[in-house]
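Inside the fold
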Amino acid sequence: MKATAKAGSNIAFVKFWGEMDPTLHLPLNSSLSMTLDQAYSIVTVEFSPHYAQDEVDLEGVQAEGPRRERVVRFLDYLRALARVSLPARVAARTTFPVATGLASSASLFAALTVAGLAALGLSRDERTMSTIARLGSGSAARSMFGGWVEWVAGGRHEDSYAQPLKPPDWWPITDILVIVSSEPKEVSSVAGHGMAASSPCQTVRLSRVPEHLALARTAIETRDLGLLGRVAEEEGLLLHAVAMTGTPPVLHWLPATVGVIRRVLDWRREGLPVYYTLDAGPNIHVLTPPEYTAQIAAGLCRVEGVDHTMVCQPGGPPILGDVHNF
Ligand code: PMV
């Protein structure tokens, strides 16, 4: 009863921010993303009577408190599906800094969904697996598919799922993850979703979503990076506007966050096809065509305060593996 799976994180071009049901992670709006190839988690899970209780090893550290409870709640859901009550051991390894606004919970829970179902001998269709991953972390619903993905908000557990729009090889754009901090962020996404309604900017953000979804779909269909970039930038800024103007206010940005944004805007004025977006943290995603990647990544490393970059392209769906973490 042991299995291992690998799943990519994803970058949202139309963001999920605010929940109508925080237990089921039913979102206030549909969202749209690209699954990443190099930013991923590998998760091993084993259900066995040999464990006295659930053991949750995240990046080599025994998780405690809310981070452990979140995984245990998810294991409880899987155990209920399989009608077993065995304790489990989970070990997750991720290729990028976790809890820094790079959607590590998306890759973690997508991989745990695939590994957990396999370890319990359960099989479900892809749509159902996406709803299950969503119970761990909303954005994990989208990481259940490769390439370009839309999560349909829905209103109940069964109809809030992600679906693939285009496969990874449809459009090989580059997403350069620009790491300016590897410190876990002070305010988690769980808390951030809960505070979103307290911001006057949240209604503005939500009012832009239908148009942004339509524009993002068109941009992907026609491979128009200028259009996708415009949507992704406004979406990133609106999300941070909500965080900054909520109660209490949350400012994720560091000086280097601003430095990277300014550099991207300068490059664009010089005629380079480069855009940025941010999830809920200080780190930045920079979008550019593959032929510009080396030049842009080198330039980003020279921005003061940038620690390192990670070059990603559209990635595939989660896969089961046979090399376990323990
Ligand atoms: O899946 P969560 O609850 O960690 O929410 C993450 C939400 C953002 O990353 C900020 C945006 C998104 O749509 O991925």
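Considering the overall build of the chain
For the chain, the helix and strand inventory stands at 8 helices and 14 strands. Relative to a compact globule of 326 residues, whose C-alpha radius of gyration would be 20 Å, the chain shows 19 Å and is just as compact. In terms of principal-axis extent, the alpha carbons of the chain reach across some 60 × 40 × 35 Å. Residues counted as buried form 56% of the 326 residues belonging to the chain. Pairs at least 24 residues apart make up 76% of the contacts formed inside the chain by residues separated by at least 6 positions. Carbon together with sulfur atoms contributes 54% to the accessible area of the chain, which is approximately 13300 Å² in total. Each charge class in the chain was averaged separately, 28 positive and 33 negative side chains, and the resulting centres sit 2 Å apart.

Considerations on the environment of Leu26
Looking at the element boundaries, Leu26 is found in strand β3 (residues 26-27). The spatial distance from the C-alpha of Leu26 to the C-alpha of Tyr161 is 9.5 Å, given a sequence separation of 135 residues. Beyond its immediate chain neighbours, meaning those up to four positions away, Leu26 contacts Glu19, Met20, Asp21, Arg134, Gly155, Arg156, His157 and Ser160.

Some words on the site of the ligand
Residues in contact with the ligand amount to 14 residues; listed here are only the nearest, Phe16, Ser137, Ser139, Arg142 and His193. For the ligand, an oxygen atom lies 3.3 Å from a polar atom in the side chain of Ser105. Protein chains shield 96% of the accessible area of the ligand, which is 380 Å² for the free molecule. Here the ligand is seated within the largest pocket.

Structural notes on the nonpolar core
With 41 residues, the main nonpolar core has Val45 and Leu112 as its most contacted residues. When residues in this core are grouped by element, the largest group, 9 residues, is from helix α2 (residues 104-119). With residues near it in sequence (within four places) discarded, Val45 still touches Met1, Lys2, Ala3, Leu75, Ala88, Arg89, Val90, Leu112, Ala115, Gly116, Ala119 and Phe326. Counting residues in hydrophobic clusters, the runner-up holds 28 residues, among them Met34, Val209, Leu227 and Tyr275.

Thoughts on the environment of His25
With respect to the helices, strands and loops of the structure, His25 is situated in the loop between β2 (19-21) and β3. Linking His25 and Gly321, residues 296 residues apart in sequence, is a C-alpha distance of 28 Å. Not counting residues within four places of it along the chain, the set of residues in contact with His25 comprises Glu19, Arg134, Leu135, Gly136, Ser137, Gly138 and Trp151.

Scoring rules and cut-offs
- Residues numbered from 1 in each chain as written.
- Predicted model: local features only at pLDDT ≥ 70, side-chain atom pairs only at ≥ 80, totals over all residues.
- Heavy atoms only, no water.
- Helix = DSSP H or I, 4+ residues; strand = E, 2+ residues; numbered from the N terminus.
- Rg over C-alpha atoms; globule rule 2.2 N^0.38 Å.
- Buried < 20%, exposed > 50% of the residue type's maximum accessible area, 1.4 Å probe, protein only.
- Contact = heavy atoms within 4.5 Å.
- Areas by Shrake-Rupley, 256 points an atom, 1.4 Å probe, with all protein chains shown as cover.
- Lys, Arg positive; Asp, Glu negative; His and termini not counted.
- Charge placed at Lys NZ, Arg CZ, Asp CG, Glu CD.
- Near = heavy atom within 4 Å.
- Polar contact = N/O pair within 3.5 Å; in protein donor to acceptor, adjacent residues only side chain to side chain.
- 1 Å grid on protein atoms, 1.4 Å probe; cavity = no way out; pocket = protein on both sides within 12 Å on 5 of 7 lines; lining within 4 Å.
- Sits in = over half its atoms within 2 Å of the grid points.
- Core = buried A, V, L, I, M, F, W, Y, C linked by side-chain atoms within 4.5 Å.

Any functional reading would require information that these geometric values do not contain.
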